[in-house]
Amino acid sequence: MEYTKLGNTDITVSKICVGCMSFGKAGTMHDWTLDETATESVVRHALDLGINFFDTANGYSAGTSEEYLGRALQKNTQREKVVIASKVYFNPGRLSRAAIHREIDGTLQRLGTDYLDLYIIHRFDYETPVEETMEALNDLVQAGKVRALGASAMYGYQFYNMQLAAKEHGWAQFQAMENHYNLLYREDERELIPICKQMGVSLMPYSPLAAGHLARPTWNGDTCRSKTDRVAMGKYDRTEEQDMKIVARVAELAERYGVKMQQIALAWHWAKGVASPIVGATKSAYLDDAAGTLAVRLTEEDVAYLEEPYVPHRIVGAIDHNPAEGVMLLDEIVTIRKKGIGLLETDALLCVM
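On a predicted model such as this, the values are computed, not experimentally measured, just so you know.

Criteria and cut-off values
Residues numbered from 1 in each chain as written. Predicted model: local features only at pLDDT ≥ 70, side-chain atom pairs only at ≥ 80, totals over all residues. Heavy atoms only, no water. Helix = DSSP H or I, 4+ residues; strand = E, 2+ residues; numbered from the N terminus. Buried < 20%, exposed > 50% of the residue type's maximum accessible area, 1.4 Å probe, protein only. Lys, Arg positive; Asp, Glu negative; His and termini not counted. Salt bridge = Lys/Arg side-chain N within 4 Å of Asp/Glu carboxyl O. Contact = heavy atoms within 4.5 Å. 1 Å grid on protein atoms, 1.4 Å probe; cavity = no way out; pocket = protein on both sides within 12 Å on 5 of 7 lines; lining within 4 Å. Points joined across faces, edges and corners; volume = space filled by probe spheres on them. Nonpolar A, V, L, I, M, F, W, Y, C, P; charged D, E, K, R; others polar. Pairing = 2+ DSSP bridges. Right-handed = clockwise from strand over helix to strand, strands pointing away. Expected span 1.5 Å × (residues − 1). pLDDT = per-residue confidence, 0-100.

## Focus on the side chain of Asp243
Then, number 1: Position of Asp243 among the secondary structure elements: in helix H9 (residues 240-257).
Then, number 2: Of the side chains bearing the opposite charge, Arg186 lies closest to the buried Asp243, which forms no salt bridge; the N-O distance is 9.2 Å.
Then, number 3: Excluding its chain neighbours within four sequence positions, the residues that come into contact with Asp243 are Leu184, Trp219 and His313.

## A few points about empty space enclosed by the protein
If a probe as big as a water molecule is rolled over the atoms, it shows which places are left empty.
Then, number 1: Summed over the entire model, instances satisfying the criterion amount to 2 cavities of 30 Å³ or more.
Then, number 2: What lines the largest cavity is Ala153, Met154, His180, Tyr185, Asp188, Leu192, Val316, Gly317 and Ala318.
Then, number 3: Here the lining of the largest cavity is built from residues that sort into 6 nonpolar, 2 polar and 1 charged.
Then, number 4: Lining the second largest cavity, in full, are Glu36, Thr39, Glu40, Tyr68, Arg71, Ala72 and Lys75.
Then, number 5: Counting residues per element, the ones that place at least two in the lining of the second largest cavity are helix H1 (36-48) and helix H2 (64-76).
Then, number 6: Among the elements that take part in the lining of the second largest cavity, H2 stands out by supplying 4 residues, more than any other.

## Quick notes on the pairing of strand E8 (residues 174-178)
Then, number 1: Of all 5 residues that make up E8, 5 are buried, and the element is covered over most of its length.
Then, number 2: Pairing geometry for strand E7 (residues 146-152) and E8, over 4 bridges, is parallel. In the strand pairing of E8, Ala151 is matched with Met177.
Then, number 3: Taken together, E7, helix H5 (residues 156-169) and E8 constitute a β-α-β crossover, and its handedness is right-handed.
Then, number 4: Relative to strand E9 (residues 202-203), E8 runs parallel, the two sharing 2 bridges. In the strand pairing of E9, Ala176 is matched with Ser202.
Then, number 5: Between the parallel pair E8 and E9, the chain is carried across by helix H6 (residues 192-198), and the sense of this crossover is right-handed.

## Looking at the pairing of E7
Then, number 1: The buried count for E7 comes to 6 of 7 residues, which makes it a mostly enclosed element.
Then, number 2: Where strand E6 (residues 116-121) meets E7, 5 bridges bridge the pair, whose relative direction is parallel. Each bridged residue has a counterpart across the sheet, and for Leu118 the counterpart in E7 is Ala148.

## Notes on helix H3 (residues 97-111)
Residues separated by three or four positions in an α-helix point in the same direction, a consequence of the helix having 3.6 residues per turn.
Then, number 1: If you check H3, its first and last C-alpha atoms are 21 Å apart, about what 15 residues at 1.5 Å a residue would give, namely 21 Å.
Then, number 2: Turning to H3, its buried residues are Ala99, Ile100, Glu103, Ile104, Gly106, Thr107, Leu108 and Leu111.

## Remarks on the confidence of the model for the protein
Then, number 1: Mean pLDDT for the protein: 90, with 88% of residues reaching 70 or above.
Then, number 2: Confidence drops under pLDDT 50 across residues 329-352; counting only partners more than four residues distant or on other chains, this segment forms 68 contacts.

Spelled out as structure tokens, the structure:
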């Protein structure tokens with residue numbers, strides 16, 4: 001395993017982060033999440049591979065993701081040997097001072113720890129003043145409940161303004177950005193990613209394999225997740241025709257290098273300066289593949305070849321308003337596949353990423 005520092009901190013993280021949206025009680029969020037026994041098996045294997053970085057959220061599977069992860073880590077390692085990240089926003093009060101102070105205590109209790117290494121705001125809050133949010137987050141750092149702060153998918157100007165507010169008041173600034181970024185979605189290269197690099201903020205993107213589309217030569221797969229993950233369908237299905245050109249090039253390079261497609265897709269992230277892509281694993285073998293990717297080195301020509309077919313996409317990740325209270329609304333699905341009978345129109349999807 002290889003490691004890197006998180007932002008401008010002394011926190012050392014593995015260059016692979018385990019995405020814990022895959023963990024939790026099935027049916028509370030997704031149908032394909034792992035139960036507690038299976039979660040522990042995957043977590044134990046990650047630790048055996050030298051992976052020390054785990055990312056969860058207070059809203060994942062109604063809090064059971066944090067619970068399963070916490071108990072798995074307690075049984076298999078020492079707290080100081082791992083880096084745990086969790087998130088706040090999809091909760092009553094969003095990013096208000098009261099909500100942040102309330103939600104961190106719930107997260108710590110579910111994880112069974114007295115501190116969090118990285119606390120991430122899950123989205124931008126359009127109703128709470130930026131200064132209120134940043135001061136509340138700083139309070140947690142000063143209290144020792146949180147070691148470092150991070151942000152997730154938002155617009156570049158929003159991230160910049162939050163960082164500026166923290167800097168002007170001498171408060172803790174964000175050290176990591178968890179954004180939507182992969183070969184099929186590169187819109188953040190316009191503003192957000194350059195701002196992060198300018199500020200020394202580490203990139204830890206979610207969905208690095210585009211929900212599996214970059215791991216197979218065909219658009220659809222046979223797994224439970226590929227058949228039931230309506231969030232992924234909403235994010236990617238509308239651009240299938242254009243994006244399959246990129247998928248084909250990933251498959252071509254994988255064959256040329258004698259590696260798996262997902263390893264080419266992950267190697268692209270490190271070639272682009274990503275610190276630790278978040279890999280969601282429902283099987284231990286997926287982590288083996290990810291770890292093996294560290295030996296794959298893409299040339300500048302490879303990167304350019306993979307990127308050349310890309311066309312602009314609609315924004316997926318950053319939101320332009322707060323969803324209604326109690327609703328975890330991220331992406332509006334326009335199509336959904338059903339047992340080979342084609343594409344059907346559907347309503348907005350209620351879910352969190």
